[in-house]
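Listed below, chain by chain, are the residues.
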Amino acid sequence: MKTWIKILGVLLLFYAHIAGLLMEVPRLNIVNETIRATYFHVPMWFGMVFLFLMSLYYSILYLRKPSLELDIKAESFAHAGLAFGILGILTGMIWANYTWGSPWHGDPKQNGAAIATLVYLAYFVLRGSIDNMEQKARLSAVYNIFAFAAMIPLIFIIPRLTDSLHPGNGGNPGFNMYDLDSRMRLVLYPAIMGWFIIGYWMVSLRIKLSKQLDILLDLEDEKLK
Amino acid sequence: MKNLNKALLSLLLTFLITFSSQGQDAEMADVMRSEGKIYVVVAIILLVLAGLILYLFLLDKKVTNLERMINEKRKTK
Amino acid sequence: MIYRLIVKEFTLELRRKSVISGIALYLISLVFICYLSFSLRLSVISEAIWSALFWLAILFSVINSVAKSFIGEKRGLSLYYYTIASPKAIIISKIIYNSLLCFILSLLGYVLFQVFISDPVQDTPLFFLTLILTSTAFSSALSLISGIASKTNHSNILMAVLSFPIIISILLMAIKVTKNVLDGLDWSASYDELLNLMAINCILSGLAYLLFPYIWRS
């Protein structure tokens, strides 16, 4: 990963934090000042989806052409995505407690996020219970693809069918024009980009470490021989 | 072009209408802003963020070092 | 080949009478526990609770019965299949067999619910359509998961852990349609959910078909 990309990510995050706290925001009832949480809570959710998609991508690549490196990548992306997902759920709970009245409000999107987290927790349980490296990689790649496909209706279809407390309920699950005016987009999109980059950076560190660990294990094996 | 202008204008109008009708009376932390104390909060949050990112940078450096060392060791064998 | 594999599954199943009676007994005791714990007949339960209870009972018995489709098999037996049949034929036969099994189980569950609790179903054809759709969806999801879980060290725990997140979306749809049926709503009210169930069916069975060869290879 190039250094300038990292610096760009850091700058984007700094901008998002300053502008997110200081810029004018729409004055809306109920959410009041907490509308600013959009800048910090929503990027976690986007980051999670991005990282899980990357993990899915590497799992598919692995099944097409197995190699240890691809498995390490899929695993690391899933790991970081899980961290983002947990943070997204926790921040969402704080915000929900303030605006909807209780931390867990049975909102379809909230449930969808919780289930996505469950899927990847199951993914790591699965990885933990197989000893053979090659088999572990293959089975977890299969589960990753299968579980992701099973989550599609849960995350992208059910929220559209049922009423959601999130903005843009029914119809479009994203933000629509009235929920997010152009000033907020100016902060939200850079924040999402910034977190993508930071997430990718964290993942790349983890990938490096896992690779080195693997090389060390190989060296040990050679010594024993 | 004319159509675009018209669309933009109507968009702007809907914004104005929604925001003016959606109540300037919604309660915001205006006092905190006017006293300038919000800058204290911003400074603290930024410092925490900067610290964490510095930590990440140092960790990155350390891992890269480790990578180089292991590579050298492997070559010498 | 597929046909012969299905026939083989049935003959094997019929030979192991204890397994069938075990699953049936499991379902009966589940329904009976529901009956006792709600002390029904005295108080009436709402439609929402009926459909949730019904699907939970079905879910647990189905997971237990499908889990053994790969987990219960002996190592030598799977090696034998490996030599005579292609993995695609195996997974298709398993899915078809398991969906029949699931459908029979859910029918049995429905009869038991009629006997012990109540029969609020007003639109029987729609209810049966839901049963068929969900049992195929359950079987295609659970067959593949059972294949994965059979390769691990703690297959029984993993079977539950891995399948729950995948099953949830199917279960939610099924509960919603069932509630619509119980409320006596028109077909058009649950059109969306039925379409969704079909889509889930297509995705899951297609993926199971594509992914199974990778599991089978080892």
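Residues numbered from 1 in each chain as written. Chains lettered and ligands numbered in written order. Predicted model: local features only at pLDDT ≥ 70, side-chain atom pairs only at ≥ 80, totals over all residues. Heavy atoms only, no water.

> Could you give an account of the packing of helix α2 (residues 38-64) of chain A against helix α4 (residues 108-128) of chain A, with specific residues and numbers?
A pair of packed helices is captured by two measures, namely the crossing angle of their axes and the spacing between those axes. Residues and elements named next belong to chain A. Their axes nearest at 12 Å, the elements α2 and α4 cross at an angle of 35 degrees. By crossing handedness, the relation of α2 to α4 is classed as left-handed. From α2, Trp 45, Met 48, Phe 52 and Ser 55 reach across to α4, where they touch Ala 113, Ala 116 and Tyr 120. Residues that form the contact of α2 with α4 fall into these classes: six nonpolar, one polar and no charged. (Axes fitted to C-alpha atoms, helices over the stretch in contact; angles between N-to-C directions. Helix = DSSP H or I, 4+ residues; strand = E, 2+ residues; numbered from the N terminus. Left-handed = near helix turned anticlockwise from the far one by under 90°. Contact = heavy atoms within 4.5 Å. Nonpolar A, V, L, I, M, F, W, Y, C, P; charged D, E, K, R; others polar.)

> Please set out the confidence of the model for chain C residue by residue, giving values where relevant.
Across chain C, the average pLDDT comes to 83, with 95% of residues at or above 70. Between the elements of chain C, mean pLDDT differs from a low of 72, seen in helix α4 (residues 75-84) of chain C, to a high of 89, seen in helix α6 (residues 124-150) of chain C. (pLDDT = per-residue confidence, 0-100.)

> Tell me what's going on with the UniProt feature "transmembrane region" (unreviewed entry) in chain A, and back it up with residues and numbers.
Taking the numbering used here, the UniProt-annotated feature "transmembrane region" (unreviewed entry) corresponds to residues 42-64, 76-100, 112-130, 142-162 and 182-203 of chain A. With 100% helix and 0% strand, the stretch residues 42-64 of chain A has end C-alpha atoms that lie 34 Å from each other. (UniProt positions renumbered as here; feature names shortened; annotations may be inferred.)

> Tell me about a nonpolar patch on the surface, and please be specific about residues and values.
Residue and element names in this part refer to chain C. On the surface, Met 1, Ile 2, Phe 10, Leu 77, Tyr 80, Ile 84, Ile 96 and Leu 100 cluster together to form a nonpolar patch covering roughly 650 Å² of accessible area. The set of elements that each furnish at least two residues to the nonpolar patch consists of α1 (2-15), α4 and α5 (87-116). Ranked by the residues each element gives to the nonpolar patch, the list is headed by α4, at three residues. Within the fold, Met 1 resides in the segment before α1. When its relative accessible area of 44% is taken as the criterion, Met 1 is described as partly exposed. (Patch = residues over 30% accessible without salt bridge, like charges linked within 9 Å, V, L, I, M, F, W, Y side chains within 5 Å. Areas by Shrake-Rupley, 256 points an atom, 1.4 Å probe, with all protein chains shown as cover. Salt bridge = Lys/Arg side-chain N within 4 Å of Asp/Glu carboxyl O. Buried < 20%, exposed > 50% of the residue type's maximum accessible area, 1.4 Å probe, protein only.)

> Account for the side chain of Gln 110 of chain A, naming residues and giving values.
Residues and elements named next belong to chain A. Structurally, the position occupied by Gln 110 is in helix α4. The class of Gln 110 is buried, set by a relative accessible area of 10%. Contact partners of Gln 110, with chain neighbours within four places excluded, come to Met 93, Ala 96, Trp 100, Pro 103, Trp 104 and His 105.

> How would you sum up the nonpolar core? Please name residues and give values.
Counting 115 residues, the largest nonpolar core has Tyr 120, Tyr 143 and Phe 146 of chain A together with Trp 50, Phe 54 and Phe 138 of chain C as its most contacted members. For this core, the leading source of residues is helix α5 (residues 133-161) of chain A, giving 13 residues. Setting aside its immediate chain neighbours within four residues, Phe 54 of chain C contacts Ser 106, Gly 109, Tyr 110, Phe 113, Phe 127 and Leu 131 of chain C. The next biggest cluster of nonpolar side chains, apart from the first, holds 13 residues, and it includes Ala 19, Tyr 39, Val 187 and Phe 196 of chain A. (Core = buried A, V, L, I, M, F, W, Y, C linked by side-chain atoms within 4.5 Å.)

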